[in-house]
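Residue-level structural notes
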Amino acid sequence: MTDPSPVSGTPWLVGLDVDGTILLQDETMSPGVPEAVARLRDLGHVVTIATGRSWMGTQRYVEELGLTPEYVVCSNGAVTMRRTGDAWERWHVETFDPSTVLSLLRERLPDARYMVELGSGQRLYTAQLDDWTLDGGRQVLFEELGAAPVSRIVVVSPGHDEDDFHRLVADAGLNEVSYAIGWTAWLDIAPQGVDKGTAMERVRARLGIDGQQVLVAGDGRNDIGMFGWALGVGGRAVAMGQAPDVVKDAAGEITGDVADGGLATALNTLPAAVEVGAVE
């Protein structure tokens with residue numbers, strides 16, 4: 001990874017993907033990440049998470065890492081949480097009408113498993129989805145999935161790979177929503193124009209942090225929008241070493257694999273902020 005000669009003396013906004021960036025596949029921490037995150041936090045930087053996971057599947061890592069941000073980006077940018085004292089609220093939620101998309105998908109993937117996340121955060125699903133947090137969710141008939149606006153649609157079809165999903169998106173004409181392919185091959189559909197980058201920009205503006213003082217890191221196709229945003233405001237976009245080529249091509253720099261502590265290597269390039277604890 002190249003040394004971007006970071007500017008010292010002001011707080012950075014650091015947005016981190018979870019799976020494949022902070023976490024290994026067995027959900028243990030990547031080597032050196034807890035120490036590197038704690039260093040940045042203690043030096044006065046704003047370290048937060050920007051993930052495809054729901055808040056329910058994210059909060060534990062905010063707590064385990066001892067993070068103290070005011071905002072956390074979830075659900076691929078459709079949901080931004082805000083800390084209020086010792087609790088959290090759903091500060092900004094993007095939704096869309098899922099009915100047309102669901103109909104298009106079911107025509108092509110009748111045997112897939114489907115889930116939607118409502119604006120309230122509740123999840124409705126047609127069948128159990130491995131590796132997804134469904135606590136508090138409700139199993140419903142497919143027809144009930146489209147009854148109310150949602151912040152995301154998730155489609156899991158074990159017999160299909162990423163290439164199949166890309167063809168499906170093209171064939172179905174899904175150009176009115178944003179989509180990403182998950183690292184274990186699921187299709188994640190969000191409102192049009194919404195991704196991690198749009199949510200991170202909202203957070204950056206709210207905190208008043210200069211765009212040149214932004215660093216984001218990730219490894220998946222759902223990080224491409226966030227990379228483009230970071231580079232566009234003059235910040236840094238770091239792809240993990242094991243990321244697909246299309247993700248690496250979208251980044252400004254490449255670090256080591258998640259198994260080798262690549263995120264910690266990137267984080268340790270940041271200098272101290274102007275005043276420890278200046279930004280919460």
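These lines cover the structure that appears in this document, whether it is placed above or below.

About the criteria used
- Residues numbered from 1 in each chain as written.
- Predicted model: local features only at pLDDT ≥ 70, side-chain atom pairs only at ≥ 80, totals over all residues.
- Heavy atoms only, no water.
- Phe/Tyr/Trp six-rings, centres within 6.5 Å; stacked < 30°, edge-to-face > 60°.
- Helix = DSSP H or I, 4+ residues; strand = E, 2+ residues; numbered from the N terminus.
- Buried < 20%, exposed > 50% of the residue type's maximum accessible area, 1.4 Å probe, protein only.
- Pairing = 2+ DSSP bridges.
- Contact = heavy atoms within 4.5 Å.
- Axes fitted to C-alpha atoms, helices over the stretch in contact; angles between N-to-C directions.

A ring pair, where both rings are aromatic, is described by two values, the distance of the centres and the angle of the planes. Going through the model one piece at a time under the given rule, you end up with 3 aromatic pairs. Measuring from ring centre to ring centre gives 4.8 Å for Trp-55 and Trp-88, while their planes differ by 50 degrees; the resulting arrangement is tilted. Separated by 33 residues along the polypeptide, Trp-55 in the loop between strand 2 (46–49) and helix 2 (59–64) and Trp-88 in strand 5 (residues 87–93) bring together distant segments of the chain. Note on Trp-55: relative accessible area 12%, which makes it buried. Consider the rings of Tyr-114 and Phe-142, whose centres lie 5.1 Å apart with planes at 80 degrees: the pair is edge-to-face. One end of the pair, Tyr-114, is in strand 6 (residues 113–118); the other, Phe-142, is in the loop between strand 8 (138–139) and strand 9 (150–156), and 28 residues separate them in sequence. A relative accessible area of 2% means that Tyr-114 is categorised as buried.

Pairing in this open sheet of 6 strands is mixed, and the strands run 8-7-6-9-11-10 from one edge to the other. Across the chains shown, the open sheet's two edge strands, defined by having one partner strand only, are strand 8 and strand 10 (177–181). Of the pairings in the sheet, the one linking strand 6 to strand 9 comprises 6 bridges and is antiparallel in character. From the neighbouring strand, Tyr-114 faces strand 9, where its bridge partner is Val-155. Against the sheet, helix 4 (residues 162–172) makes contact with strand 9, strand 10 and strand 11 (186–191), and its axis sits at roughly 170 degrees relative to strand 10, the strand it touches most.

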